[in-house]
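Commentary on secondary and tertiary structure
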Amino acid sequence: TCTYTYLALNNEGGFPNGGPIPGAWYSVTCDDIATQAQVTQTVWITSGQAAPVPQVDPRVLALQARNSIALPAPVVEVNPSASSVVGLATWLWVDPSLWHDYSVTASAGAVSATAVARPVGVSWSTGDGGSEVCGGPGDAYVPWLPSLEQQTYCSHQFTRTSIGQPSPDGDPDHGQFVITATVEWAVSWSAVGAAGGGALPTLYTTGTTGLRVVQIESLNAVPSFQSPAASAALGFGA
């Protein structure tokens, strides 16, 4: 849908003609109802000439497509899940089903642009002042497999308990660290019907969960657990 506005200041104020054939200057604004893309140009329309349609900027369409991508918030998982232990390697991962490309295409006239969001990594804030960066969704802990047969590239070791942190039941001894996972999405675009393509601003999605961290005392020292096998020995891993 295009709207043509006669530019009186241009036409009656001595603005040079746009060509040798008599005509007038117009501001032409075209809207694509489906994508809400809008392009405005000043054009010289000669008398009796069919009204031209302004050229669509494919990057504008690509940005609109990017803004329309519905990315899922990550579902945050940890193991041990109910309560972890100081010194224990706590596994971190997000639901791997989100780990694939998402795309949207926007069109205006004969031009279309497709934006593609691709997950590239997860940044973790562990609530105790620590952080981790993992280049993928992480590995899910599988309860029915022997602990010694499992390993992960994404984990965090807490050095203090969560006592005194906000608690779901109000008991300060049941305090939990808030663990936040932020997925980074690299966005690229390509066009059909016009030249263009490349990178677009990065997108981010976040998810959170709470985790209680306790300390297990021994007669001589506080034990340090480094593996899922130690976790299993204490009854964790469910």
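Since the model is a prediction, treat every value here as computed from it, not as a measurement.

Helix and strand counts for the chain come out as three helices and twelve strands. The buried share among the 238 residues of the chain stands at 37%. For the chain, contacts bridging at least 24 residues in sequence account for 62% of all contacts bridging at least 6. Accessible surface for the chain amounts to roughly 12,600 Å². Of this, 54% is attributable to carbon and sulfur atoms.

Turning next to the environment of Thr 114. With respect to the secondary-structure elements, Thr 114 resides in strand 8 (residues 111-125). Separated by eleven residues in sequence, Thr 114 and Ser 103 place their C-alpha atoms 6.7 Å apart. Once you skip the residues sitting within four places of it in the chain, Thr 114 turns out to touch Ser 103, Val 104, Thr 105, Ser 188, Trp 189 and Ser 190.

With that out of the way, let us pick up the side chain of Thr 90. For Thr 90, the position within the fold is in strand 6 (residues 89-94). A polar contact of 2.6 Å, which involves the side chain of Thr 90, links it to the side chain of Ser 84. Setting aside chain neighbours within four positions, we find Thr 90 in contact with Val 78, Asn 79, Pro 80, Ser 84, Cys 154, Ser 155, His 156, Phe 158 and Leu 211.

An order of 4-6-10 is seen for the three strands of this open sheet, with the pairing classed as antiparallel. Only two strands of the sheet have a single neighbouring strand rather than two, namely strand 4 (76-79) and strand 10 (155-157). Across this sheet, the average inter-strand angle for adjacent strands is 30°, counted without regard to direction. Where strand 6 meets strand 10, three bridges bridge the pair, whose relative direction is antiparallel. In the strand pairing of strand 10, Thr 90 is matched with His 156.

What follows is about the packing of aromatic side chains. Summed over the entire model, instances satisfying the criterion amount to three aromatic pairs. Consider the rings of Trp 91 and Tyr 141, whose centres lie 5.1 Å apart with planes at 80°: the pair is edge-to-face. With Trp 91 in strand 6 and Tyr 141 in the loop between strand 9 (131-134) and strand 10, this residue pair connects regions lying 50 residues apart in the sequence. Accessibility assignment for this pair places Trp 91 and Tyr 141 in one class, buried. Pairing Tyr 102 with Trp 185 gives two aromatic rings, centres 5.5 Å apart and planes at 75°, and the pair type is edge-to-face. Here Trp 185 lies in strand 11 (residues 177-192) and Tyr 102 lies in strand 7 (residues 102-108), a separation of 83 residues in the sequence. In terms of burial, Tyr 102 and Trp 185 fall into one category: buried.

Moving on, we get to the confidence of the model for the chain. The share of residues in the chain with pLDDT of 70 or more is 82%, and the mean pLDDT across the chain is 84. Counting interchain partners and residues more than four positions distant, the pLDDT-below-50 stretch residues 221-238 has 38 contacts.

Omega for the bond connecting Asn 79 with Pro 80 falls within 30 degrees of zero, at 5°, which places this linkage in the cis form. For Pro 80, the position within the fold is in the loop between strand 4 and strand 5 (83-85).

To continue, consider helix 2 (residues 58-68). Every buried residue of helix 2 is listed here: Pro 58, Leu 61, Ala 62, Ala 65 and Arg 66. All buried residues of helix 2 lie within an arc of 140° about the axis, which places them on one face of the element. Against strand 3 (37-46), strand 7, strand 8, strand 11 and strand 12 (197-214) lie the buried residues of helix 2. Residue Asp 57 occupies the N-cap position of helix 2, its side-chain oxygen lying 3.0 Å from the main-chain nitrogen of Arg 59.

Rules behind the numbers
Residues numbered from 1 in each chain as written. Predicted model: local features only at pLDDT ≥ 70, side-chain atom pairs only at ≥ 80, totals over all residues. Heavy atoms only, no water. Helix = DSSP H or I, 4+ residues; strand = E, 2+ residues; numbered from the N terminus. Buried < 20%, exposed > 50% of the residue type's maximum accessible area, 1.4 Å probe, protein only. Contact = heavy atoms within 4.5 Å. Areas by Shrake-Rupley, 256 points an atom, 1.4 Å probe, with all protein chains shown as cover. Polar contact = N/O pair within 3.5 Å; in protein donor to acceptor, adjacent residues only side chain to side chain. Pairing = 2+ DSSP bridges. Axes fitted to C-alpha atoms, helices over the stretch in contact; angles between N-to-C directions. Phe/Tyr/Trp six-rings, centres within 6.5 Å; stacked < 30°, edge-to-face > 60°. pLDDT = per-residue confidence, 0-100. Arc of directions from axis to C-beta.

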